[in-house]
Amino acid sequence: MKKFFALLLCVALLGGYAGIAEENMPERGVAPYEYALTEEGAYLENLIFNADVIISGEATQMIFSNCEFNGDIILNAGLATRVLLLGCDVKGNCIIRNDVTDADLNYNNPKFLTDTPVTVVCENGVGSVVAIGDFEFRFNGKTYCMAASEFFLDSSHPEGEFVAYEGQEADYCIVAQYYENGEKTILVVCEKETAE
C-alpha cells in the first residue's frame, strides 16, 4: 500500500512539474517552410502548409499540385522563376518580392501561374500572375479576369503581337507589373495557347 501511495505521489509531482513547464513555455509560432530552388526546380503534391512558404531561386520553377496553404506563399526571386499552383487552395496571399525596377516588358519576371483564384501582391519590383482559365483573381488590390484584358497576344504572328482584346478566345489572363522609363506599369493581357 505504501508503494501505491509513493507511486501516486510521484505521478502527482511529475504532473505538477509538467504543468509548470507548459505554463512557462512561451508560445511559438509555426516556422515558415523554406525552399531554395536549384535549376531542376521542385514538385510537391497533396500537402498542407500551416505556415508561410518562402521560395527563392533564379530561372527555375516550383510546382504545387493539390496542396493547401494556410499562410502566404512568398516568392523571393528574380529572373524567370515560376510557381505553379495546380488545384491548390491558397488562404493567404501570393507575394512577389524583389528589388528589380530597371526591367521592361521583355524581362522574364517572377510569376505565379494558377488554375484557381488567388490574391497576388507584387511588392516594389517586377512580377506577374498568369490565370490558367477564365476566373476572377486579385493583383495588388484589384480584381481581374479575362474580360478586363486590354490586349490579346496574337501568337500566330511570327514575332507575337499585341492587339486590342475584343473577346478573342483565350486560355490565359496575365497581369504583369514592370517598369518602363522608371515608371511602374501594369499590363493586362490574354493569350491563346498555341499548338507546338
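Definitions and limits used
Residues numbered from 1 in each chain as written. Predicted model: local features only at pLDDT ≥ 70, side-chain atom pairs only at ≥ 80, totals over all residues. Heavy atoms only, no water. Pairing = 2+ DSSP bridges. Helix = DSSP H or I, 4+ residues; strand = E, 2+ residues; numbered from the N terminus. Axes fitted to C-alpha atoms, helices over the stretch in contact; angles between N-to-C directions. Disulfide = S-S within 2.5 Å. Buried < 20%, exposed > 50% of the residue type's maximum accessible area, 1.4 Å probe, protein only. pLDDT = per-residue confidence, 0-100. Contact = heavy atoms within 4.5 Å.

(A) Focus on the sheet that holds strand E9 (residues 89-90). One open sheet holds the 3 strands; their spatial order is E3-E6-E9, and the pairing between them is parallel. Only two strands of the sheet have a single neighbouring strand rather than two, namely strand E3 (48-49) and E9. Direction of pairing for E3 relative to strand E6 (residues 68-69): parallel, over a ladder of 2 bridges. Opposite Phe49, over in E6, you have Phe69 as the bridge partner.

(B) Quick look at the sheet that holds strand E12 (residues 119-124). In space, the 7 strands of this open sheet follow the order E1-E4-E7-E10-E12-E14-E15, with mixed pairing throughout. Here the strands that pair on one side only, and so sit at the sheet edges, are strand E1 (33-36) and strand E15 (142-144). Within the sheet, the average angular offset between the axes of one strand and its neighbour, ignoring direction, is 20 degrees. Pairing analysis gives 4 bridges linking E1 to strand E4 (residues 53-57), with the strands arranged parallel.

(C) Up close: the state of the cysteines. Within the structure shown, the criterion is met by 0 disulfides. Of all cysteine sulfurs in the structure, the one in Cys173 sits closest to Cys145, which takes part in no disulfide; the separation is 6.8 Å.

(D) Local environment of the pairing of strand E18 (residues 172-180). E18 sits mainly inside the fold: 8 of its 9 residues count as buried. Looking at chain direction, strand E13 (residues 127-132) and E18 are connected through 6 bridges and run antiparallel. Pairing of Val130 across the sheet is with Ile174, part of E18. Both E18 and strand E19 (residues 183-191) contribute to a ladder of 9 bridges, which runs antiparallel. Residue pairing for E19: Tyr179 is matched across the bridge by Lys184.

(E) Region of the structure containing the confidence of the model for the protein chain. On average, residues of the protein chain carry a pLDDT of 82, and 83% of them reach 70 or more. Here helix H1 (residues 2-24) stands out as the least confident element of the protein chain, with mean pLDDT 32; E9 is the most confident, with 98. Under a pLDDT of 50 for its full length, residues 1-29 has, in the predicted model, 0 contacts with residues more than four places off or in other chains.

(F) Inspection of the environment of Phe69 at higher detail. Mapped onto the fold, Phe69 is located in strand E6. Along the sequence, Phe69 and Asp52 sit 17 residues apart, while their C-alpha atoms lie 7.8 Å from each other. In this view, Phe69 contacts Phe49, Val53, Phe64, Leu85, Cys88, Asp89, Val90, Lys91 and Gly92; residues no more than four positions away in its chain are not counted.

(G) Examining the side chain of Ser65 more closely. Mapping Ser65 onto the fold places it in strand E5 (residues 61-65). Once you skip the residues sitting within four places of it in the chain, Ser65 turns out to touch Tyr43, Leu44, Glu45, Asn46, Leu86 and Cys88.

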